[in-house]
Amino acid sequence: MAFSDFVAKVLYTSVLAVVCLGLGAVFFSEIQRVWFDKRLYIGRFDFFETGEAKATEAKAFARQIAYHHRAFKTLLDQERQRRERANESENPATFGASTPLPDSTFGNGNLDALLSSANDLTSVELTVQGINIKELLTWLRERVSTPNELTGVVEKHPTGVRALASWTRGPLRSEGHRVDGQVLDIAGQPDVERASFHVACGLIWAQLAADDEVLSKVSRAEFCAWAEVWSQYIDLRERSATLTGLSPDSLESVKKLRAFLDRQVAGSTQLAEVYLLRADLLDLLPAEQKTQEDLIQAQNDRLQYAMMGRKPTEPEKQGVALAARAAPPDKYEVMAQVRPALRMQGDRVSDVLPESWQQLLKSGQDAGFPVSRATGSLFITKPDGKTTYLTAFAVAPRVIMTVGDHVPPLMLDHPEPQPLTGETWRFTFDDDGDNPKQTHRVTHVIFAHHDTSSTAPRTIALLELAEHDTQRHPPVTLEWNPESVKSHVDQYVYVIGYPSEGSNLPKNFLRPLLGDLYDIRRLMPGRVVSLTPSQEPRPSVVRALRSDVSTTVGVAGAPLVDLRDDKVVVGLHFAGEWKENQGKFALALSMADLLATLPEFAIQRIKPGTIQDAPPMVTPLGDSSQSQ
């Protein structure tokens, strides 16, 4: 045998062995899939353009579905993990303004992937004596075991694209599932890209909603409309975190997406994430592009999100009061949970922190809330024996600040401190303002002004105590810079005060907010929604910070603190208002603006050595004129 013949035979034998081994591996894999494989695959899609079959476009469409499914599944997994980390984080600023707990929208991390091929035989062309063995085996396989795959037909016409997808092993209500997900009819899409996204999204909806009570109430179209906006929001959120931030075009996209969600909300959406997404989109806009109405709407959206995501109580699970979920008392209860009034002991919260506030309040809870040690209850006993309760806080040794609405009229706007006579004013730093262990007598009104009748209200009282232990109750630090006032809008804040009985707020709101415990130290967190007036103030016009803090009677005179720096008091709480469909709003006078209106002798009692270039002359309605 010639050497060349030997080499040829060896090569032929090797090739034949490789082919046989390859075919054996293919057949072994196919047998394994027939008996044991439960995974989900993308199958064959037929593509027609104005009646003409397009094989290349059909394969591309199937690949696009697989891509969108994988990409959207990855986004859902990442968001679920991000929210879990946010709830465990000690830094409130790590994950933005809103960090709700994960819900069923984002799955549990076990969402089945969509794989590329359900049949290894599709890659093999095998014909014996004119008989196509591949097609024969494929035909037999489909009758032996229906593959778990997504197949369909796509029709492209001049006005748009329609796709009809079939998931042979999808959920059916007749089989005990909560939705019918075997047929996905996607119509009205402007192009192939959007149509493939909605097929992939519809498949994910069917996977998630099949056995989920909450998500099964949301239609596939509604879920995918949210998914399309949410995917764009994720991209915008990532871009906003870069050095350059969002471009003007991106900001315009944010506004368009919010307008689209407005229509979703107007259609009474059943998906809670729509409300949260609309609020989160607002966070991407710069402060100067947010109106007061926008911020209030965002607060309402987060409240609605909390209400829709509320877990039923045990009686509700047993069917005792399922209808109560839609009743006003339940809404008020959720309002009280979202904006609570937490009991305190010393400088720490003694109540269990609500889930929605654990992250934001954790650092203060660990280190203590320093303003709490300077805050106390002020009770005024009138000559007729009636007692009025306010909150006040130490701003200097033996000097406390509160509102001026109970100061005797003759002592208002007086050019020098006046001894307090005719009434008994006492102050306590104790947690229990109703039964304090130690009280301090108020001896003088250092300075007081009160006028809340105009559009620029102003009220303040500086009072002198007979004694004050500054080691146990050090005075607070006040914000003096008027240019910093705007920075508090849209930020998380809290008020520390002593809510009293007798409020005219709805009882269904007060009961879960305070229970039966009044006149005790409480921390009330919330968010600043606006600054009034928003324009640059005229000299001595005091701007008001409007927040959604749940204040009540007895809290007037309390300090407002920005959570970003909880050692500085940024406002003096003086009033509140209730809006039936929105909840409670609190008003606090900007501390920097308020200090700028004080006469020189009052400034010196708070911060000795402070020099004002032009001390104001206080006049009614907050107006002033400079000395000549």
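The following refers to the structure shown. Not measured: the values here are computed from a predicted model.

## Focus on unusual backbone geometry
- A positive phi is found at S268, a non-glycine position, where the angle reads about 60 degrees.
- Along the polypeptide, S268 turns up in the loop between α6 (248-266) and α7 (272-283).
- In this structure, R398 is a non-glycine residue whose phi angle is positive, near 65 degrees.
- Looking at where R398 falls in the secondary structure, it is placed in the loop between β12 (387-396) and β13 (399-402).
- Judged by relative accessible area, which is 35%, R398 ranks as partly exposed.

## Focus on the side chain of D294
- Its location among the elements puts D294 in helix α8 (residues 292-308).
- A relative accessible area of 18% places D294 in the buried class.
- Residue contacts for D294: discarding those within four places in its chain leaves R258, L282 and Q289.

## Remarks on the environment of L75
- For L75, the location among the structural elements is in helix α2 (residues 55-88).
- For L75, a relative accessible area of 21% puts it in the partly exposed group.
- In this structure, the C-alpha to C-alpha distance between L75 and S231, residues 156 residues apart in sequence, is 7.8 Å.
- Each residue touching L75, except ones within four places of it in the same chain, is listed here: W230, S231 and I234.

## Focus: the nonpolar core
- Ranked by internal contacts, the top residues of the largest apolar core, which has 98 residues, are F45, F61, I65, L150, F223, W226 and L281.
- Element by element, the count of residues in this core is highest for helix α4 (residues 192-209), at 12 residues.
- Excluding anything up to four places from it in sequence, F45 contacts A58, F61, A62, I65, L150, T151, G152, V153, V154 and A165.
- I460, L462, I496 and F574 belong to the second-largest nonpolar core, a separate cluster that totals 59 residues.

## Quick look at the pattern of salt bridges
- One pass over the structure, following the stated rule, counts 30 salt bridges.
- Across the salt bridge formed by D262 and R278, the nearest N and O atoms sit 2.7 Å from each other. With a gap of 16 residues between them, D262 in helix α6 and R278 in helix α7 connect regions that are remote in the sequence.
- For R278, a relative accessible area of 7% puts it in the buried group.
- With its nearest N and O atoms 2.8 Å apart, the salt bridge here joins D283 to R302. One end of the pair, D283, is in helix α7; the other, R302, is in helix α8, and 19 residues separate them in sequence.
- Of the residues examined, R302 reaches a relative accessible area of 11% and is grouped as buried.

## Observations regarding the pairing of strand β11 (residues 375-381)
- The element β11 is extensively covered by neighbouring structure, given that 6 of its 7 residues are classed as buried.
- Here β11 pairs with β12 via 7 bridges, running antiparallel. In the strand pairing of β12, G376 is matched with A392.
- If you look at the hairpin formed by β11 and β12, you'll find 5 residues sitting between the two strands, and G385 has a positive phi there, around 90 degrees.
- Sheet topology places β11 next to strand β15 (residues 424-428); 5 bridges connect them, and they run antiparallel. Paired with S377 across the bridge in β15 is T428.

## Structural notes on the state of the cysteines
- Inspection of the entire model under this criterion finds 1 disulfide.
- The disulfide that involves C201 links it to C224, with 2.5 Å between the sulfurs. Residues C201 and C224 share a disulfide whose torsion about the S-S bond is about -110 degrees; that sign makes it left-handed. Note that C201 is positioned in helix α4 and C224 in helix α5 (residues 220-240), a separation of 23 residues in sequence. Residue C201 shares its accessibility class with C224, and that shared class is buried.

What counts, and at which threshold
Residues numbered from 1 in each chain as written. Predicted model: local features only at pLDDT ≥ 70, side-chain atom pairs only at ≥ 80, totals over all residues. Heavy atoms only, no water. Helix = DSSP H or I, 4+ residues; strand = E, 2+ residues; numbered from the N terminus. Buried < 20%, exposed > 50% of the residue type's maximum accessible area, 1.4 Å probe, protein only. Contact = heavy atoms within 4.5 Å. Core = buried A, V, L, I, M, F, W, Y, C linked by side-chain atoms within 4.5 Å. Salt bridge = Lys/Arg side-chain N within 4 Å of Asp/Glu carboxyl O. Pairing = 2+ DSSP bridges. Disulfide = S-S within 2.5 Å.

This is a description of form; function is not addressed.
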